[in-house]
Amino acid sequence: MLNKGSILVVDDEINLCRIIGAKLARNGYSVVAVHDGQQAIDKVRESSFDVVLLDLILPKVDGLSALAEIRNLDRDLPVIVMTACESSESLDKARSHGVSAYVNKPFDLDNLIDLVRTTSAGSAKREEKQSQNNSILFGKSQPISLEILNGSTSGVFPTMIESRDDRTLSVLAPVSGGRIIEVAPRTPVRVGLSANDAYYSFNSYVLAFKPADVPVLLLDKPGVIYRTQRRQSARVPVSMDLRYGKIDSEDARPQAFAEGKSCDLSSGGIKIIATTRLEPCDLVYIEADRFGSFGPITAVAEVLRSASGKSDSEYEVSMRFRKLDGNLGD
């Protein structure tokens, strides 16, 4: 049977998930079911879905909070809210996040499948458009930043894409002081590039340096590309001393703190100058004392991108808040 799309079902009623999943599977859909809000967020972060069926009353992270985070990850992903909640306030909040439809429990399964079919058809058009747009990520002459991660030539260099195929990506060899930089095979690199909708980054390594009339580096094409949504909350310049440390989960505390300084700040995220390397997807606990009208602040943030700073011991790190408690000023 032709796969009609991928559906994420989120409900703490395990038997209901099984019933919905079986019905969707019989109608040609692939189904992933999870039973709390945090699992829903994690699945959307890890995988691509055509539609999310989301209950509002969930353990660990409630449905509204999960919906808000899903919107941060993918503002266009169709979400159908399944609920027995009669709170108009909750439904208004869900509506503000752009849900595709609501179904009230108990509901007719056949009607639900028809709703999923209609919604996923629109999602398929969205994915096709995104796929066409994403092809420009590897377009010839597209400007990129190339960070060489070790060796005597470590640093960030502006360059551009020369060509690509199914397995490799060729970029113009970077230049420093008017001289071509020859990068050895197996050297790890990080590539960053901007598109109209987001900032994209990925880790790779050099397969070969090809000297020619136009010297290029041949890179291994990435299996994973990190997409950072254009920020929805305006940031303001704030230089504030802070302490930070990596953690394994949102509820953990770091075993040790390092000193850093903020560059800018908003209700959605922060950019800091760190003194230790942080990688995309790292979870970081942050503390800051009061500075002017800002602080004190405690937060858990996810690293979106990290680059070398002005000195060898500094890194510029952009992060999105997962949790935030404190005063962000007027």
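Being a predicted model, the structure only gives us computed values, none of them experimental. (Residues numbered from 1 in each chain as written. Predicted model: local features only at pLDDT ≥ 70, side-chain atom pairs only at ≥ 80, totals over all residues. Heavy atoms only, no water.)

*Asks:* Before we move on, could you go through the overall build of the chain and cite the residues and values that matter?
*Replies:* Each helix and strand counted, the chain has 5 helices and 21 strands in total. When contacts within the chain are restricted to residue pairs at least 6 apart in sequence, long-range pairs at least 24 apart make up 61% of them. Counting every atom, the chain has about 17000 Å² of accessible surface; 49% of that belongs to carbon and sulfur. (Helix = DSSP H or I, 4+ residues; strand = E, 2+ residues; numbered from the N terminus. Contact = heavy atoms within 4.5 Å. Areas by Shrake-Rupley, 256 points an atom, 1.4 Å probe, with all protein chains shown as cover.)

*Asks:* Quick rundown of the pattern of salt bridges? Include the residues and the values.
*Replies:* In total, this model carries 24 salt bridges according to the counting rule given. As a salt-bridge pair, R190 and E147 come within 3.0 Å of each other at their nearest N and O atoms. Taken together, the residues R190 in strand β11 (residues 188-194) and E147 in strand β6 (residues 143-148) connect sequence positions 43 residues apart. Residue classification places R190 among the buried positions, given a relative accessible area of 7%. Owing to a relative accessible area of 4%, E147 belongs among the buried residues under this scheme. (Salt bridge = Lys/Arg side-chain N within 4 Å of Asp/Glu carboxyl O. Buried < 20%, exposed > 50% of the residue type's maximum accessible area, 1.4 Å probe, protein only.)

*Asks:* Summarise the pairing of strand β18 (residues 269-274); cite the residues concerned and give the values.
*Replies:* Here is the key point about a regular strand: its side chains alternate between the two faces of the sheet. When strand β17 (residues 258-265) meets β18, the two strands line up antiparallel, connected through 4 bridges. If you follow D264 over to β18, its bridge partner there is K271. As consecutive antiparallel partners, β17 and β18 are separated by 3 residues. Pairing geometry for β18 and strand β21 (residues 315-326), over 6 bridges, is antiparallel. The residue of β21 that forms the bridge with K271 is S318. (Pairing = 2+ DSSP bridges.)

Note that every value here comes from positions in space, so none of it alone points to a role or purpose.
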